[in-house]
Amino acid sequence: MVTGAEDALGAAVVDALLHTGGEVRAFLDGTVAARPDTALRARGCKVAVGELDDEGHLEAALAQVHTVAHCWGGPGHDPDDLVAVGATMASALLGAGVRRLVWVRELAVDPGNAYLAALDELDALFDDLPVEVVTLATGVRHGPGDGLTRRLARGWLSGTGVAPDTPHAPVHVRDVARAVVAADRQRTTSAELRVRLALVGPERLALDEFLRRLGAPSLHGGARHGATAPSWVVDWLSLPAHEPPADRSMIMVARGREPVTSAGGG
């Protein structure tokens with residue numbers, strides 16, 4: 001089952017899993033107005049719609065599910081909501097007997113940043129679960145239909161004072177989806193699995209160059225879509241995240257293959 005299938009990453013994971021065969025389920029966020037319910041069902045995907053903090057509904061949707069790909073989240077959500085949903089997910093998957101959790105987080109680490117601190121809290125919560133856990137820590141994710149990409153391209157960071165020369169290795173959501181599917185395939189282990197994978201893009205770019213390729217307006221102007229990014233986004237994108245932090249034990253480091261193109265490109 002895939003959470004967050006209404007956004008680009010979750011949709012890419014669902015698409016990749018459907019091409020591998022087997023049953024795929026999607027749990028769509030009931031608070032989002034535009035959802036791909038009908039299209040997913042037409043492709044043979046089982047769909048549940050609800051709020052991700054509804055443990056009973058979530059547990060029912062997880063019946064007979066082997067693996068959860070938790071793709072819901074990202075810097076557009078309040079950090080407290082991320083933790084609350086993660087705690088509900090942890091409880092629901094235990095109740096349903098799920099055997100593996102694959103979840104996606106940011107590569108950057110900073111306990112003083114509210115967003116990254118929330119991800120660290122989820123890290124600790126998920127690592128304590130008696131299930132197999134695969135953590136995909138990625139560079140800045142981008143791609144057509146991605147919420148963060150769309151906001152950045154519309155000037156979310158304009159006028160915020162974000163550090164323009166911060167190095168990043170942005171990774172395409174399709175590359176992240178491929179990594180999720182690879183983690184889903186590995187089902188022969190007899191021991192409890194704990195894997196941390198750092199996934200970065202094929203290019204190292206300064207933040208302002210990344211934004212330029214997305215077609216974003218100048219960082220020195222006012223926000224173009226009526227709102228500026230919250231402080232945790234500005235601080236997070238001012239942290240270099242082109243390689244795994246030295247204090248985190250990543251078992252593997254992988255590079256995606258998709259370059260950065262304009263927000264409307266492929």
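Anything mentioned here points back to the structure above.
In this report, we go over the structure that sits alongside the text.

What counts and how
Residues numbered from 1 in each chain as written. Predicted model: local features only at pLDDT ≥ 70, side-chain atom pairs only at ≥ 80, totals over all residues. Heavy atoms only, no water. Helix = DSSP H or I, 4+ residues; strand = E, 2+ residues; numbered from the N terminus. Buried < 20%, exposed > 50% of the residue type's maximum accessible area, 1.4 Å probe, protein only. Contact = heavy atoms within 4.5 Å. Phe/Tyr/Trp six-rings, centres within 6.5 Å; stacked < 30°, edge-to-face > 60°. Lys NZ or Arg CZ within 6 Å of the ring centre and 35° of its normal.

Some details on the environment of Asp165
Step number 1: Among the secondary structure elements, Asp165 is positioned in the loop between helix H6 (147-153) and strand E8 (167-168).
Step number 2: Asp165 sits in the exposed class, given a relative accessible area of 60%.
Step number 3: Distance from Asp165 to Pro240, taken between C-alpha atoms, is 9.2 Å for residues 75 residues apart in sequence.
Step number 4: Sequence-distant contacts of Asp165, defined by excluding residues within four places in its chain, comprise Ala206 and Leu207.

Some words on the packing of aromatic side chains
Step number 1: Scanning the model with the defined rule gives two aromatic pairs in all.
Step number 2: Both rings, one in Trp103 and one in Phe126, keep their centres 5.0 Å apart while their planes meet at 75°; by these two values the pair is edge-to-face. Separated by 23 residues along the polypeptide, Trp103 in strand E5 (residues 100-106) and Phe126 in helix H5 (residues 114-127) bring together distant segments of the chain.
Step number 3: Ring centres of Tyr115 and Trp236 lie 5.8 Å apart, and the angle between their planes is 65°; on these two criteria the pair is classed as edge-to-face. Separated by 121 residues along the polypeptide, Tyr115 in helix H5 and Trp236 in helix H9 (residues 231-237) bring together distant segments of the chain. As far as burial versus exposure is concerned, Tyr115 and Trp236 are alike and both buried.
Step number 4: Lying over the aromatic face of Trp156, Arg151 brings its terminal NZ or CZ to 5.2 Å of the ring centre.

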